[in-house]
Amino acid sequence: QVQLVESGGGLVQPGGSLRLSCALSGSIRVIYAMGWYRQAPGKQRELVASMSAGSSTNSADSVKGRFTISRDYAKNAVYLQMNSLKPEDTAVYYCNADLRSRNGISSYYWGQGTQVTVSS
């Protein structure tokens, strides 16, 4: 079975930095993409950043220039370096993986989420 384990969340002051980590374990054929989503109180879950095979990236405009996503393909891991954090970045951050079957059908897996709180 597939499992995603996240770490790195916490409390940080505005302008500070955090690095989130997520590692996937289990039976894997193809990881098409891994990424990070977040859900702030009272808001819908939104994409923060994702990286697909070939290191193609997609990210929210609100985090461009501040957050950097990276993957360690050998470790089936994805990271999110968050710099210049703002209070509006406060949310539960979820790791996501898009696994593909041989016929190209996606199966999505989610971590449990890690709380990021940006506050003075």
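Here is what the cut-offs are and how they apply
- Residues numbered from 1 in each chain as written.
- Predicted model: local features only at pLDDT ≥ 70, side-chain atom pairs only at ≥ 80, totals over all residues.
- Heavy atoms only, no water.
- Helix = DSSP H or I, 4+ residues; strand = E, 2+ residues; numbered from the N terminus.
- Contact = heavy atoms within 4.5 Å.
- Areas by Shrake-Rupley, 256 points an atom, 1.4 Å probe, with all protein chains shown as cover.
- Lys, Arg positive; Asp, Glu negative; His and termini not counted.
- Charge placed at Lys NZ, Arg CZ, Asp CG, Glu CD.
- Buried < 20%, exposed > 50% of the residue type's maximum accessible area, 1.4 Å probe, protein only.
- Polar contact = N/O pair within 3.5 Å; in protein donor to acceptor, adjacent residues only side chain to side chain.
- Pairing = 2+ DSSP bridges.
- Axes fitted to C-alpha atoms, helices over the stretch in contact; angles between N-to-C directions.
- Phe/Tyr/Trp six-rings, centres within 6.5 Å; stacked < 30°, edge-to-face > 60°.
- Lys NZ or Arg CZ within 6 Å of the ring centre and 35° of its normal.

1. Description of the overall build of the protein
Counting its secondary structure elements, the protein contains zero helices and eleven strands. Within the protein, contacts between residues separated by at least 24 positions form 54% of all contacts whose residues are at least 6 apart in sequence. Surface summary for the protein: the accessible area is close to 6,500 Å², and the carbon and sulfur share equals 45%. Where the 12 positive side-chain charges of the protein centre and where its 7 negative ones centre are 6 Å apart.

2. Side note on the environment of Ser 101
Mapped onto the fold, Ser 101 is located in the loop between strand S9 (91-100) and strand S10 (106-110). Among the residues examined, Ser 101 registers a relative accessible area of 33% and is labelled partly exposed. Placed 31 residues apart in sequence, Ser 101 and Ser 70 show a C-alpha to C-alpha distance of 23 Å. There is a polar contact of 2.3 Å between the side chain of Ser 101 and the side chain of Asn 103.

3. Let's talk about the sheet that holds strand S8 (residues 77-82)
Sheet architecture is open: four strands sit in the order S1-S3-S8-S7, paired in antiparallel fashion. The open sheet is flanked by strand S1 (3-7) and strand S7 (67-72), the only strands paired with a single partner. Averaged over all adjacent pairs, the angle separating strand axes in this sheet is 15 degrees, with direction ignored. Pairing of S1 with strand S3 (residues 18-25), which is carried by five bridges, proceeds in the antiparallel orientation. Along S3, the bridge assignment pairs Glu 6 with Cys 22.

4. Observations concerning the packing of aromatic side chains
This structure, assessed with the given rule, holds one aromatic pair. Look at Tyr 37 and Trp 110: their rings are 5.0 Å apart centre to centre, the planes differ by 70 degrees, and that puts the pair in the edge-to-face class. One end of the pair, Tyr 37, is in strand S4 (residues 30-39); the other, Trp 110, is in strand S10, with 73 residues separating them in the sequence. Of the residues examined, Trp 110 reaches a relative accessible area of 35% and is grouped as partly exposed. Over the ring of Trp 110 we find Arg 45; its NZ or CZ atom is 4.7 Å from the centre of that ring. Above the ring of Tyr 32, the side-chain terminus of Arg 100 is found at 3.8 Å from the ring centroid.

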